[in-house]
Amino acid sequence: MGDTVRTDVLIVGAGPAGLMAAAWMAQMGVQAMIIDQKAYHTRCGRADGLESRTLEILDSFGLADRVWAEANHTVEIALWGGTVDGKLQRQTVTPNSQPGWSRFHESTLSQAKVEEYLMEYVRGHGNVDIRRETTPTTLEIDYDAIDDHSKFPIRVNLESVASLSKPHCNGIETPGSDTSSEPQSDDSGYAGMDTVVEAKYIVGCDGARSWVRKELGLRLEGENSSDYWGVLDILPVTNFPDIRKRCILKTKHGTLMVIPRERKLVRIYVELHSDVATRYREEEDGEVLMNEVQKIMRPYMMKTKNIEWSTTYAVGQRVCPKIGLHNRIFLAGDAIHTHSPKAGQGMNVSMQDTFNLGWKLASVIQGALHPQILETYQQERLPVAERLIALDQRLCRGMCSRRDADGETNHSWFDEDHRRAMEEENSSASGLAVIYKPNLLVASTTPCVAGVKPGNYEMAPSRSKPSLATNLRVGARIPSMLIINQSDAQACHLQQILPSTGQWNLIIFGGNIANPRQIWRLSHLEETLGHPESIIQRLNNHASVTTRGFSRVGMCLIHCADRHSIELQDLPTIFRPWTEDRGVDYSKVWVDEEAYHHTGGGQLYKSFGIGLEGCMVLLRPDQHLAFLSDMDDVKGLERFLMSITPEECHNPVIG
Ligand code: FAD
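Hey, could you go over the sheet that holds strand β4 (residues 72–73) for me, with residue numbers and the actual values?
One open sheet accounts for 3 strands, arranged β3-β7-β4; its pairing is antiparallel. The open sheet is flanked by β3 (49–50) and β4, the only strands paired with a single partner. In this sheet, strand β7 (residues 107–108) lies alongside β3 in antiparallel orientation, the contact comprising 2 bridges. Residue Gly49 lies in a different strand from β7, and its bridge partner there is Thr108.

See below:
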């Protein structure tokens, strides 16, 4: 018999989705266990596209600097097609990501590096038990205890497994490659006896063939197709002029996608006839795929002496219709959506799933949010998965030549729907453009929303007023703009003051606070938000809800008055908190004005569509906008917070 251990969250699978869930647990100090059947993280191949929103998310954990420095920035995309006389010709060159949407843009870096950095982050915090070469064998749910969130109704037997064979990487000997010397195992891991884990929550991040999903009797639904593609990571030797651009080539010989990577690598996706796919699988030889690449790229020369990784796959778009059960069991990543790599979304959407889930779970465990809010995971992420599948279907229709009604003749051209689908992909359809619909964690912009009720607080739901910030979208992530610190004039990006800690952030856009009326309105906030009995102070001071030194709800002020006309000590104390040991906190007041040494300052109010009378914005821990109202609408704000937090934290003084 083995041990029985208790953990708040059991995460099955240490791929990108599982590691992002673990990163939240690590950061928010929740006891969790992450298991994986493999001894190693991914070493080569698989996903490589990082879209802007994923980079913003990695930045919120302090991980983007390394990733951004090592990644290849895929700035342009070129479309190549065949001419009537069969020649290959460049048709268009455009930006690969929509300029101005994010301070990051689409980049490529191997999944190996992303997993490595996330795992380092998780390991560094010490509260997540990491067990490799471990699989679950049974899952039992105690339905009598399922509604009591202090109980551990999930019981899982774990078994140690012999390490699966090492991934096949050919190990190009270039700086930064991690394929040449592999350690025995990533972690001290798990050896010996079997273990029973009792958990409050389980998150299945165990990939497309998810064991957790199967145990729940759920299936991926959708199309499996017989369109085969080959994938190669190579160091190319070529005279093709656009090899360092992202390219799509459509010729009568088939379709090919070129994606420049870090370390001078290039990822190539090439359309295959089924007999070529069969030959590749029999011979396990990347040269079989290179022959197909060469056919499509003629008359350009394309050779390589280094095939780092290769594989083949059949396109299929499937989604799991249920991704959260009983507010206790959750599925994420490839376990709930599989699609082709054409949109470069696999790793991104998978991490974004658990970026959405992780803080919610941790906040419920810490008693700061009502368990009912866990319903929002399915409400928010299932539509994203469905949209991704629909986009991928359109991209595949445009790319897979055998699907073209006119066969070869039509094949060298990019039809209108394919171009539109590519534009949607380039504006980061699944990341930056995601807008969550009104639910418990997103206050509606209409007076009455059927089906949206406060968690445990009987009063009318709060309402957002979008007209106060005409370019912000309630439910979307807040865009980042340059802001200047009131005290030291240092410039920083708005999102940089919103790190992933589990903290909600109330931003008071104070408008022109040189105007006496605006100053009066700010002082009123001191009396209401700063009152010891206000919901924010109650949440922040509640013994069970503070975590790792961060407040549950942080507050800051961004104004647009002339910085030199404002003195910090004249502002309400809620914006210049003071402690005996650390003195004044100077990080709470910011200005929308030009910076001395950076371009782009002084644009925030205009870009967000906020007037001189300002507004208040409540951001969730994932930077999505939950509530937007007048800067004096403290009642509305309190109602919103009370509807999502447990009753023991409440003691309203307003209204
Ligand atoms: P995964 O990365 O699959 O992670 C799941 C983890 O769970 C794995 O570490 C696995 O070992 C573990 N696991 C599974 N079952 C169990 C179990 N029973 N017990 C314990 N642990 C378990 N995407 C692209 O964009 N471009 C590509 O070219 C591309 N190529 C790919 C090639 C292959 C061979 C595969 C498998 C995927 C590829 N993908 C590609 C998809 C991309 O890798 C995924 O979208 C992404 O990794 C999803 O992350 P995830 O964490 O959801 O799942």
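Once you've had a look at it, read on.
Break down helix α1 (residues 16–28) for me, citing the residues and quoting the values.
Relative to the 18 Å expected for 13 residues at 1.5 Å per residue, α1 spans 18 Å between its end C-alpha atoms, a close match to the ideal helical length. Of all 13 residues in α1, 13 are buried; the element is thus mostly enclosed. Following α1 by one or two positions, Gly29 adopts a phi angle in the positive range, close to 75°.

Describe the nonpolar core, with residues and values.
The nonpolar side chains of soluble globular proteins are, as a tendency, buried together. Residues Met25, Trp504, Leu506, Ile508 and Leu529 are the most contacted members of the largest nonpolar core, which totals 113 residues. If you tally residues by element for this core, the top one is α1, at 10 residues. Each of two domains, domain 1 (3–72 + 107–221 + 317–401) and domain 2 (466–649), supplies a minimum of three residues to this core. Those residues in contact with Leu529 that sit more than four places away from it in its chain are Leu506, Ile508, Ser534, Ile536, Gln537, Met555, Ile574, Val634 and Leu637. Counting residues in each nonpolar core, the second largest holds 30 residues, with Val434, Ala469, Cys556 and Leu604 among its members.

Give a description of the packing of aromatic side chains that names residues and reports values.
Evaluated as defined, the whole model comprises 15 aromatic pairs. The interplanar angle of 75° and the centroid separation of 5.2 Å between the aromatic rings of Trp68 and Phe104 together place this pair among those described as edge-to-face. With Trp68 in helix α3 (residues 64–70) and Phe104 in the loop between β6 (88–95) and β7, the pair connects residues that are 36 residues apart, well separated along the chain. The class for Trp68 is partly exposed, based on a relative accessible area of 22%. Through a chain of ring-to-ring contacts, three or more aromatic side chains come together here, namely Trp24, Phe61, Tyr121 and Phe355. One Lys or Arg, Arg6, reaches over the ring of Phe152 and ends 4.3 Å from the middle of that ring. Across from the ring centre of Tyr201, 5.3 Å away, lies the NZ or CZ of Arg328, which sits over that ring.

Before we move on, can you summarise the pairing of strand β28 (residues 625–629) with the specific residues and values?
Among the 5 residues that make up β28, 5 are buried, leaving the element largely enclosed by the rest of the structure. Pairing of strand β27 (residues 615–619) with β28 involves 4 bridges; the strand directions are antiparallel. Along β28, the bridge assignment pairs Met616 with Ser629. Linking β27 back to β28 in an antiparallel pair, the connection comprises 5 residues, with Gln623 at a positive phi of about 70°.

Just give me the short version of the site of the ligand, but keep the residues and values in it.
The environment of the ligand is made up of 28 residues, and the closest members are Asp36, Gln111, Arg267, Tyr269 and Asp334. Interatomic distance of 2.9 Å between a backbone N/O atom of Ala17 and an oxygen atom of the ligand. Within the side chain of Tyr269, a nitrogen or oxygen atom sits 2.5 Å from an oxygen atom of the ligand. Out of a free accessible area of 970 Å², the ligand has 82% covered by protein chains. Going through the elements one at a time, α1, β9 (134–141), β15 (266–272) and α8 (346–365) are the ones with two or more residues in the shell around the ligand. Across the shell around the ligand, the residue classes tally to 12 nonpolar, 10 polar and 6 charged.

Give me the lowdown on the sheet that holds strand β22 (residues 504–511), citing residues and values where you can.
Here 7 strands make up an open sheet; going across it, the order is β21-β20-β26-β23-β22-β27-β28 and the pairing mixed. With one partner strand each, in any of the chains shown, β21 (491–493) and β28 form the two edges of the open sheet. Ignoring strand direction, the axes of neighbouring strands in this sheet form an average angle of 30°. For strand β20 (residues 482–485) and strand β26 (residues 589–591), the ladder comprises 2 bridges, and the chain directions are antiparallel. Bridge pairing in β26 links Asn485 to Trp590. Sheet strands touched by helix α15 (residues 634–644): β22, β27 and β28. Its angle to β27, the strand with the most contacts, is close to 10°.

Conventions and cut-offs
Residues numbered from 1 in each chain as written. Predicted model: local features only at pLDDT ≥ 70, side-chain atom pairs only at ≥ 80, totals over all residues. Heavy atoms only, no water. Pairing = 2+ DSSP bridges. Helix = DSSP H or I, 4+ residues; strand = E, 2+ residues; numbered from the N terminus. Expected span 1.5 Å × (residues − 1). Buried < 20%, exposed > 50% of the residue type's maximum accessible area, 1.4 Å probe, protein only. Core = buried A, V, L, I, M, F, W, Y, C linked by side-chain atoms within 4.5 Å. Domains from an automatic or database assignment. Contact = heavy atoms within 4.5 Å. Phe/Tyr/Trp six-rings, centres within 6.5 Å; stacked < 30°, edge-to-face > 60°. Lys NZ or Arg CZ within 6 Å of the ring centre and 35° of its normal. Near = heavy atom within 4 Å. Polar contact = N/O pair within 3.5 Å; in protein donor to acceptor, adjacent residues only side chain to side chain. Areas by Shrake-Rupley, 256 points an atom, 1.4 Å probe, with all protein chains shown as cover. Nonpolar A, V, L, I, M, F, W, Y, C, P; charged D, E, K, R; others polar. Axes fitted to C-alpha atoms, helices over the stretch in contact; angles between N-to-C directions.

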